[in-house]
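Next come the chains, spelled out residue by residue.
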There are 4 protein chains.
Amino acid sequence: MTTRPHRLGVLTSGGDAPGMNACLRAIVRTAIYHNLEVIGFQRGYRGVLLGDYQALDARSVTNIIQRGGTILGSARAPEMHHPEGLKQAASTLKGLGIDALLVIGGNGSMQGALALADYWQGQLIGLPGTIDNDLGGTDWTIGFFTALDTALDAVDRLRDTADAFDRIFLLEVMGRHAGWIALFTGIGGGAEEILIPEQPYDSAALSARIKEYRARNKRSVIVVVAEGACDGGVAQVAADIEGHGFETRTCVLGHIQRGGSPVALDRYLATELGVFAVQAALEGATLVLAGKLGQTNQLVPLREALADGKHRPPTQLLEINRFLAI
Amino acid sequence: MTTRPHRLGVLTSGGDAPGMNACLRAIVRTAIYHNLEVIGFQRGYRGVLLGDYQALDARSVTNIIQRGGTILGSARAPEMHHPEGLKQAASTLKGLGIDALLVIGGNGSMQGALALADYWQGQLIGLPGTIDNDLGGTDWTIGFFTALDTALDAVDRLRDTADAFDRIFLLEVMGRHAGWIALFTGIGGGAEEILIPEQPYDSAALSARIKEYRARNKRSVIVVVAEGACDGGVAQVAADIEGHGFETRTCVLGHIQRGGSPVALDRYLATELGVFAVQAALEGATLVLAGKLGQTNQLVPLREALADGKHRPPTQLLEINRFLAI
Amino acid sequence: MTTRPHRLGVLTSGGDAPGMNACLRAIVRTAIYHNLEVIGFQRGYRGVLLGDYQALDARSVTNIIQRGGTILGSARAPEMHHPEGLKQAASTLKGLGIDALLVIGGNGSMQGALALADYWQGQLIGLPGTIDNDLGGTDWTIGFFTALDTALDAVDRLRDTADAFDRIFLLEVMGRHAGWIALFTGIGGGAEEILIPEQPYDSAALSARIKEYRARNKRSVIVVVAEGACDGGVAQVAADIEGHGFETRTCVLGHIQRGGSPVALDRYLATELGVFAVQAALEGATLVLAGKLGQTNQLVPLREALADGKHRPPTQLLEINRFLAI
Amino acid sequence: MTTRPHRLGVLTSGGDAPGMNACLRAIVRTAIYHNLEVIGFQRGYRGVLLGDYQALDARSVTNIIQRGGTILGSARAPEMHHPEGLKQAASTLKGLGIDALLVIGGNGSMQGALALADYWQGQLIGLPGTIDNDLGGTDWTIGFFTALDTALDAVDRLRDTADAFDRIFLLEVMGRHAGWIALFTGIGGGAEEILIPEQPYDSAALSARIKEYRARNKRSVIVVVAEGACDGGVAQVAADIEGHGFETRTCVLGHIQRGGSPVALDRYLATELGVFAVQAALEGATLVLAGKLGQTNQLVPLREALADGKHRPPTQLLEINRFLAI
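The residue numbers shown here count from 1 along each chain, following its written sequence. Each chain gets a letter, beginning with A, and each ligand a number, beginning with 1, in the order they are written. pLDDT decides what is reported in this predicted model: residues at 70 or higher carry local features, side-chain atom pairs at 80 or more are listed and counted, and totals for whole chains, interfaces and linings draw on all residues regardless. The side-chain figures draw on all heavy atoms in the structure; neither hydrogens nor water molecules are used.

### Remarks on the overall build of chain A
Secondary structure elements are defined from DSSP: runs of H or I of at least 4 residues count as helices, runs of E of at least 2 residues count as strands, and each element is numbered from the N terminus. For chain A, the helix and strand inventory stands at 11 helices and 11 strands. Radius of gyration: C-alpha atoms only; globule rule: 2.2 Å multiplied by the number of residues to the exponent 0.38. For 326 residues, the compact-globule estimate of 2.2 N^0.38 gives 20 Å, and the C-alpha radius of gyration of chain A, at 22 Å, lies within 12% of that figure. Projecting the C-alpha coordinates of chain A onto the three principal axes gives extents of approximately 70 × 40 × 30 Å. Exposure classes here rest on a 1.4 Å probe applied to the protein chains alone. A residue is buried below 20% of its type maximum, exposed above 50%, and partly exposed in between. Burial statistics for chain A: of 326 residues in total, 67% are counted as buried. Restricting to contacts in chain A with at least 6 residues of sequence separation, those with at least 24 account for 76%. Carbon and sulfur atoms make up 48% of the accessible area of chain A, which amounts to about 10700 Å² in all. Positive charges come from Lys and Arg alone, negative charges from Asp and Glu alone, with His and the N- and C-terminal ends not counted. The atom standing in for a charge is NZ when the residue is Lys, CZ when it is Arg, CG when it is Asp and CD when it is Glu. For chain A, the distance from the average site of its 29 positive side-chain charges to the average site of its 34 negative ones is 4 Å. We call two residues in contact whenever any of their non-hydrogen atoms come within 4.5 Å of each other. For accessible areas, the Shrake-Rupley method is used with a probe of radius 1.4 Å. Any residue's cover is judged against the shown protein chains and nothing else.

Shown next, in the form of structure tokens:
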């Protein structure tokens, strides 16, 4: 039998994502509404390891719904891969009397939560916070929509200038293991080519198509490249294309994609899932991810959400793009 | 037995919405890929009535994916409520040899399509294009996401200045019959109050809550008001609040919400549904709406999509907002 | 002989403007660099009247350069029109040992500073902070550029939707006494008509020109109206146009124009003038406005900056617009 | 004696800049108002060389004031460095009966105009169109303000994520020979470090300061690097910093800075200078740049505008930034 929790812990972990603050706000205020105390750990699991935390009241989350980043900070915590670190984290949580820990983050953060469960008896609830949209158990992750619009804005700007010249532009976007950002940015921006990790990189085929575009007198060619699309990344792609005699220009968006005020949908998702996760905590849930499937909030076992190959982007869009970006 | 269509007609109708152009691009290029001809009618049904149209080729939709508005124009066509008009429209379509007509628009436009079916034997396929998100048969309509971010940007800006002063700000957003924009804008912006048509307007309760905010020394109060939230609209709400001795300031966003470059999600939705609708036409579908339910593209009978009360916003968010915007 | 000041006071007053925070940051950090203490008064002169203030150190202005509004708050202070209030303000300043007071604001705020000089012997230095750009002694005021881009974005969005329909759109922008925002927004947006307080309103001529646009089949007509362009404001203009049989739609931007993250030029101007004003204080300046004339920072006597009719917008742009917006 | 011109030529040349279209619109409509014909050459001087042009009427520039890029296209034209090419260009201009050629571009484009003057007797008038702001004879160039806000948005986004982590971020912005964009972006974004070509690169001093920031526990460090700040560019700077044991992340904005809808000030500048240049042509001016000095439109001899070292950025801002970004 689970007893009602009295004290929640919350942390943001891994790469920060726009909407993490909106999620924190929803969690804190829902918790307070239900007479729960909330402890916020600084810089992800590192705050748990070091006992670096603060009590969060309703005012502590005032006017953060529109802010990028995370007021709690984030960090990597390699200690969470070792029993020593996990024991230390568990010890802090016990010492503080935390009944349930809410973890906002991506794959690595959820794996950390799973590992922690071997050392700590409290409830563990994950919330999908990552721009990469590569987590199972949810259609969308908090931050994806904002990152998408940031990358799309870059494509639109490139198109303006690409049309003025006769050049091939390469835009590297985030996504070491997942092509979500590249795929949706490419489709939304009308990019001629989209390279993602889920599709083998075929340099010869790419160059052949670029030759074709040129032959057809297409004014501009934009290639959206996910970080992990091929060995050597965007630099390799540029070298390959230039090897066929075409001039290219490269932009690397990098961490710009992580920042910025969250768009409406990220705030909505962050808010809904924040409220939902606290309610789940009150009902005794543990080792679940609070996700959105279709229009429904759902709890999915963490282990299932993390199962390999779970949340692939719709690669059929690549086929569609062949006839759309003609 | 249905025969494969050879010539598609397409029009954009009703209030324009960001993403209509992206949808046109997807329709035209998918059709061309399948060796279909495409005729674009100018200004919605009016173009059908007046025989005002143009053939659309692949280049005619170049570089419009990022543009607001609609290159075909839109208009109201009251003639479509009368047999005379419907007969005339049918006659144009027959004369042009149109096999299938794709209609991008909202409720009124879909009703026009249904009515037309009594006079014309061709295939009729609807695509949800309206910022109001008030159409059944789809979770989201093309244009909603962009309108949302436009309205949200307004709330964020008001918050900056509202915090500097001690004032109550009213923001009127679109939605004569539907509270979707107001509800999501309010939740996303952390608005203290959200007034929508789906909820009876209670002036006394509103003023009581505003008194409470003041008593608690809340720095700023923002009230998001849907056009159709009450008789008299935002002006009445302002009068009611001022009647209790509070100073207010009003902004009326109006048609600003219809314009602007579509955000990524509207372009993605518009593209997916555009491709899907042409494929549906090829397979002989008729009198259906090409919509998105969860992650799936679905064809829903138009009559069903239009059934009353079908697509209400999640009003439970109003309850949630009570404890979030404290 | 002036002695070097040791303690600066600073306040933001009147309507808030984007860039006020960037200016505060520059003032505080320049002052600290010169070993000055800085006292920030809450809500403009009200903080001086009520003794509501805080010491500002380098960290207190961290990460505010990009924030709209003002961390010090602003307010109206009618007490500053009366000897009683002025004496009280002077008394606070003396009591706190303030040597120089820096006032960021518009016309009213500078008038307050002038009036205060009759009761207080300290140095008084003004900084032009108002979206209205209607202050003498400077080419540009902090906040004008951001307000302009906010209003311009509205015109661009209206254009998208106006082109789709056959309608006349009215956009009311700020400017009760000055047409700067309306004029530059109209020129930048390619508005067909621009109505400003500096030009008499001629309803008949306006309607005649609109008839002409219609006759020439211009797809859309946008009229930018400054708040103070005529008695009755935008509602009167709408009524006049509709009286000639044209349908109109109105948007009222209101306080949305005051908010938002400042654009680069407002941050640059705010930073340069903030540094310059502290240097002026160190050199003993008083009763001056720290302004920008051409590329040069200049100190202009406050009385001169406030002289009537000093900073009129370039109304010849209205003539130019006649042939540009054809 | 000069006779009134009857036919104007216009081209956009060099790197495209937001506002070039607004400038074209102003030129075309002002010319038409004065009963001049306008010929637009495609892709800069290449259009003159190849005789690739079109007549521009009032409608040809409809709805382009808000568009990035240039509807005429741009290109490099190395032929303009050789007598052969110049003779050919002169021959086209004579053949078309062009009386005056308006060239919108940067340094290279103005040099091309000067060279052309040896072979062609018509009037040559330059307009400053380049994001680099590195042209003499004008305080500001068309496109600079928009590029600035694009780069600034990147800094703001980096700050969000930089604050969440403990990392050093490098942002490479455009400016091979001029530090204007880097300097203003850095000041506006509150960057800790700004590296520009006008200042010798001192790797040791930079690393020393970064160590200091770290020692003071500054949460984030952002370094804005102009392309031409040092040999090896941003990659070298990253290597130097990492050599001292600090982790860095790099973003390369690249051509993103050239695109986007122009901000209000670029449209205003483009419009004013476009009108002014046509008026100057009517009055017989030649071999001048139509620039903005302070609030005044001025004609400056092209040779003077191009004189070396003419338009250096205010490097004293680098000193100021030392105490602002503490």
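### Brief notes about the environment of Phe165(A)
With respect to the secondary-structure elements, Phe165(A) resides in the loop between helix 5 (144-164) and strand 6 (168-173). On the accessibility criterion, Phe165(A) (8% relative accessible area) is buried. Separated by 54 residues in sequence, Phe165(A) and Arg219(A) have C-alpha atoms that sit 7.5 Å apart. Setting aside residues up to four positions removed in sequence, Phe165(A) forms contacts with Arg219(A), Gly14(D), Gly15(D), Asp16(D), Arg43(D), Ser74(D), Ala75(D) and Arg76(D).

### A few points about the pattern of salt bridges
Salt bridges are identified by distance alone: a Lys or Arg side-chain nitrogen within 4 Å of an Asp or Glu carboxyl oxygen. One pass over the structure, following the stated rule, counts 52 salt bridges over all chains. In this structure, Glu192(B) and Arg159(B) form a salt bridge, with 3.2 Å as the shortest nitrogen-oxygen distance. Here Glu192(B), found in the loop between helix 6 (180-189) and strand 7 (193-195), pairs with Arg159(B), found in helix 5 (residues 144-164); they are 33 residues apart in sequence, far enough to count as distant. Judged on exposure class, the residue Glu192(B) and its partner Arg159(B) are both buried. A cluster of three or more residues bridged by salt bridges with shared partners is formed by Arg76(A), Arg167(D), Glu247(D) and Arg249(D).

### A look at the domain arrangement of chain A
All names here are of chain A. Domain ranges listed in this record stem from an automatic or a database domain assignment. Domain boundaries in chain A define domain 1 (7-143 + 262-305) and domain 2 (147-258). In this structure, domain 1 and domain 2 have C-alpha centres spaced 34 Å apart. At the junction of the two partners, domain 1 supplies 11 residues and domain 2 supplies 10 residues. Here domain 1 is connected to domain 2 by zero salt bridges. Two N or O atoms count as a polar contact when they lie within 3.5 Å, although within protein this holds only if one can serve as hydrogen donor and the other as acceptor, and sequence-adjacent residues are included solely when both atoms are side-chain atoms. At the surface where domain 1 touches domain 2, the tally comes to three residue pairs in polar contact (both at pLDDT 80 or more). In this classification, Asp, Glu, Lys and Arg are treated as charged, Ala, Val, Leu, Ile, Met, Phe, Trp, Tyr, Cys and Pro as nonpolar, and every other residue, Gly included, as polar. Looking at the side of domain 1 that touches domain 2 residue by residue, the class counts come to five nonpolar, three polar and three charged.

### Some points on the relation of the copies chain B and chain C
Alignment of the copies relies on least squares applied to C-alpha atoms, considering only residues that score at least 70 for pLDDT in both. Here chain B sits on chain C after a turn of 180 degrees about the axis and a move of 0.0 Å along it, with an RMSD of 0.0 Å. The operation mapping one copy onto its partner corresponds to a two-fold rotation axis. Considering only C-alpha atoms, the part of chain B nearest the rotation axis is Val252(B), at 2.4 Å.

### A few points about the relation of the copies chain A and chain D
When chain A is fitted onto chain D, the two copies agree to an RMSD of 0.0 Å after a turn of 180 degrees and an axial shift of 0.0 Å. Here 100% of the contact residues of chain A are again contact residues in chain D; the copies associate through an equivalent surface.

### Structural notes on the side chain of Glu192(D)
All names here are of chain D. According to the relative accessible area criterion, Glu192 is buried, its value standing at 2%. Of the polar contacts made by the side chain of Glu192, one reaches the side chain of Lys218; its length is 3.1 Å. Those residues in contact with Glu192, other than ones at most four positions away along the chain, are Arg159, Tyr213, Lys218, Ser220, Val221, Ile222, Asn321 and Ala325.

### As for the pairing of strand 8 (residues 221-226) of chain C
Residue and element names in this part refer to chain C. Of all six residues that make up strand 8, six are buried, and the element is covered over most of its length. Alternating residues of strand 8 divide into Val221, Val223 and Val225 and Ile222, Val224 and Ala226, and every residue in both groups is buried. Pairing of strand 6 (residues 168-173) with strand 8 involves six bridges; the strand directions are parallel. Bridge assignment links Glu172 to a residue of strand 8, and that residue is Val225. Looking down the strands as they point away from the viewer, one classifies a crossover as right-handed if the path from the first strand across the helix to the second runs clockwise. In the classification by handedness, the crossover that spans strand 7 (residues 193-195), the intervening helix 7 (residues 203-215) and the parallel strand 8 is right-handed. When DSSP finds two or more bridges between a pair of strands, those strands are recorded as paired.

### What to know about the sheet that holds strand 1 (residues 7-12) of chain A
Each strand in a sheet pairs with its neighbour through backbone hydrogen bonds, running either in the same direction (parallel) or in the opposite one (antiparallel). Residues and elements named next belong to chain A. Judged by pairing direction, the sheet is mixed, and its seven strands sit side by side in the order 3-2-1-4-5-10-11 without closing on themselves. Since the sheet does not close on itself, it has two edges, and those belong to strand 3 (53-55) and strand 11 (296-301), each with one partner. In this sheet, adjacent strand axes meet at a mean angle of 25 degrees when their direction is disregarded. Where strand 4 (residues 100-105) and strand 5 (residues 123-128) come together, six bridges link them in parallel fashion. The residue of strand 5 that forms the bridge with Ala100 is Gln123. Comment: axis = line fitted to C-alpha atoms, over the contacting stretch for helices; angle = value between 0 and 180 degrees taken between N-to-C directions. Together, strand 1, strand 2 (37-41), strand 4 and strand 5 form the strand contacts of helix 1 (residues 20-33), whose direction differs from that of strand 4 by roughly 160 degrees.

### Notes on the interface of chain B and chain C
Opposite the 39 residues of chain B that make contact, chain C presents 39 residues. The interface formed by chain B and chain C includes two salt bridges. A salt bridge links Arg76(B) to Glu247(C), with the shortest nitrogen-to-oxygen separation between them at 3.1 Å. Taken together, the connections running from chain B to chain C amount to 13 residue pairs in polar contact (both at pLDDT 80 or more). At the level of elements, helix 5, strand 6 (168-173) and strand 9 (248-252) of chain B are the ones that each hand at least two residues to the side of chain B that touches chain C.

### Things to note about the interface of chain A and chain D
Counting from both sides, the interface comprises 39 residues of chain A and, opposite them, 39 residues of chain D. In this description, buried area is defined as the sum, over both parts, of the accessible area (probe of 1.4 Å) that is lost when the two are combined. By the criterion of area lost to chain D, the three top residues of chain A are Arg157(A), His255(A) and Ile256(A), representing 23% of everything that side buries. On inspection of chain A and its partner chain D, the count reaches two salt bridges. At the junction of chain A and chain D, the tally comes to 13 residue pairs in polar contact (both at pLDDT 80 or more).

### Observations concerning the confidence of the model for chain A
pLDDT measures how confident the predictor is about each residue, on a scale from 0 to 100. Confidence along chain A averages 95 in pLDDT terms, with 98% of residues attaining 70 or more. Interface predicted TM-score (ipTM) for the complex: 0.96; the corresponding pTM is 0.96.

### Some remarks on helix 9 (residues 264-282) of chain B
Residue and element names in this part refer to chain B. One fewer than the residue count of a helix, multiplied by 1.5 Å, yields its expected span. Spanning 19 residues, helix 9 covers 27 Å between terminal C-alpha atoms, matching the ideal 27 Å at 1.5 Å per step. Most of helix 9 sits inside the fold, with 18 of its 19 residues counted as buried. Just downstream of helix 9 lies Gly284, where phi reads positive at about 90 degrees.

### Some thoughts on the sheet that holds strand 1 (residues 7-12) of chain D
Residue and element names in this part refer to chain D. Read from one edge of the open sheet, seven strands run 3-2-1-4-5-10-11, paired in mixed fashion. Looking at the sheet topology across the chains shown, the edges are occupied by strand 3 (53-55) and strand 11 (296-301). Pairs of neighbouring strands in the sheet enclose a mean axial angle of 25 degrees, with direction left out of account. Pairing analysis gives two bridges linking strand 5 (residues 123-128) to strand 10 (residues 288-293), with the strands arranged parallel. Residue pairing in the sheet places Gly126 in a bridge with Leu289 of strand 10.

### As for the packing of helix 7 (residues 203-215) of chain D against helix 8 (residues 233-242) of chain D
Residue and element names in this part refer to chain D. Relative orientation of the contacting elements helix 7 and helix 8 amounts to 55 degrees, with a least axis distance of 10 Å. In this view, helix 7 runs oblique relative to helix 8, as classed from their interaxial angle. Note that helix 7 runs across helix 8; the crossing there is right-handed. Here Ser203, Leu206, Ser207 and Ile210 of helix 7 lie close against helix 8, whose contacting residues are Val237, Asp240 and Ile241. Looking at side-chain class alone, the contact of helix 7 with helix 8 contains four nonpolar, two polar and one charged residues. Angle categories are assigned with fixed cut-offs, so that under 35 degrees is roughly parallel, over 145 is roughly antiparallel, 65 to 115 is roughly perpendicular, and the rest are oblique. Crossings are sorted by hand: turned counterclockwise from the far helix by less than a right angle, the near helix makes the crossing left-handed, and turned clockwise it makes it right-handed.

### Description of unusual backbone geometry
For residues that are not glycine, phi is negative in most cases, and the peptide bond is trans in most cases. Residues and elements named next belong to chain B. Although it is not a glycine, Leu287 sits at a positive phi angle of roughly 55 degrees. Tracing the backbone shows Leu287 in the loop between helix 9 and strand 10 (288-293). Residue classification places Leu287 among the partly exposed positions, given a relative accessible area of 28%.

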